[in-house]
Amino acid sequence: MTIFHIFSKRQKKLREKVPDVYEYKLIVDTLRREYGVFSLGAGHPYFKHMSELENFLLTEQDTEKVLDAVELSFRIIDKVTRNHGYLGRPNSSELADGAIQELNARFKEHSIGFQYVAGNVIRVDSELLHTEVVKPALTLLRRPGYAGAQAEFLKAHEHYRDGNTKEALSECLKAFESTMIDLRQARLEVRRKGHEQNFD
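Basis of the calculations
Residues numbered from 1 in each chain as written. Predicted model: local features only at pLDDT ≥ 70, side-chain atom pairs only at ≥ 80, totals over all residues. Heavy atoms only, no water. Patch = residues over 30% accessible without salt bridge, like charges linked within 9 Å, V, L, I, M, F, W, Y side chains within 5 Å. Areas by Shrake-Rupley, 256 points an atom, 1.4 Å probe, with all protein chains shown as cover. Salt bridge = Lys/Arg side-chain N within 4 Å of Asp/Glu carboxyl O. Buried < 20%, exposed > 50% of the residue type's maximum accessible area, 1.4 Å probe, protein only. Helix = DSSP H or I, 4+ residues; strand = E, 2+ residues; numbered from the N terminus. Expected span 1.5 Å × (residues − 1). Arc of directions from axis to C-beta. Contact = heavy atoms within 4.5 Å. Lys, Arg positive; Asp, Glu negative; His and termini not counted. Charge placed at Lys NZ, Arg CZ, Asp CG, Glu CD.

A.B. asks: Please clarify how a nonpolar patch on the surface should be interpreted in this entry.
C.D. replies: Among the surface-exposed residues, F176, M180 and L183 lie close enough to one another that they form a single nonpolar patch of about 290 Å² accessible area. Residue classification places L183 among the partly exposed residues on the basis of a relative accessible area of 30%.

Next up, the structure:
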């Protein structure tokens, strides 16, 4: 039996948009909790969380808080909406990539020294340094098995951004050490599997 997605069913699905509602609620609730407030500001009663987030982005004067909202929103885009078929869109992953590329292009276009990379909004002090060092390192550390090294690298970047050179170097060394340990473990695993295959 074939089930048709007729016009009225499609319209009903579009009106409901349940996943979108949950994502806006998650972002707004997270920001409220982190800032210790009951509300980020006024919102339309019917689209409460969505309009509360929109108003917050349009009226908030603290740049870091706006970047908090941007980062959380793009984490949702990056981690949740790229799932195949999100909101019935077969190209959801391409749409997520496009949104991230546009955000980074807009940052660059307006000379805002930030980029969204690997789940975080990071400061871009030097375009060359960012392109040649930071971005490839974050891409490598995003792979499975490097979570500890990635966290240490991001801490190092945060210390560097805040001008804490000593702490930045300390976290860099920790990240390097963790990466070398992870690489060694991966090599040992590959060798072990190779030996097991030879015996089969």
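Still more to cover.
A.B. asks: Could you clarify how one ought to interpret unusual backbone geometry in this entry?
C.D. replies: Across residues other than glycine, the phi torsion is negative in most instances, and most of the peptide bonds are trans. The backbone of S111 sits at a positive phi, close to 55°, despite the residue not being glycine. Topologically, S111 is positioned in the loop between helix 5 (92–109) and strand 1 (114–117). In this structure, A118 takes a positive phi of about 50° despite not being glycine. Structurally, the position occupied by A118 is in the loop between strand 1 and strand 2 (120–123).

A.B. asks: Before we go on, may I ask you to explain helix 5 in this structure?
C.D. replies: Helical geometry note: an α-helix holds 3.6 residues per turn, so side chains three or four residues apart project in the same direction. The end-to-end C-alpha distance of helix 5 is 25 Å, a good match for the 26 Å that 18 residues give at a rise of 1.5 Å each. For helix 5, the set of buried residues is S92, A96, I100, L103, N104 and F107. Along the long axis of helix 5, the arc covered by the buried residues comes to 115°, so they all point the same way. Exposed and facing more than 90 degrees away from the buried side of helix 5 are E94, Q101, K108 and E109. Looking at the buried side of helix 5, the elements it contacts are helix 4 (63–81) and strand 1. Of the residues one or two after helix 5, S111 is the one with positive phi, at around 55°.

A.B. asks: Just checking my understanding: could you explain a negative patch on the surface for this structure?
C.D. replies: Residues D62, E64, E158 and D162 make up a contiguous surface patch of negative charge. Topologically, E158 is positioned in helix 7 (residues 147–161). Residue E158 is classed as partly exposed on the basis of its relative accessible area, which comes to 43%.

Read these as layout, nothing more, since geometry by itself doesn't imply function.
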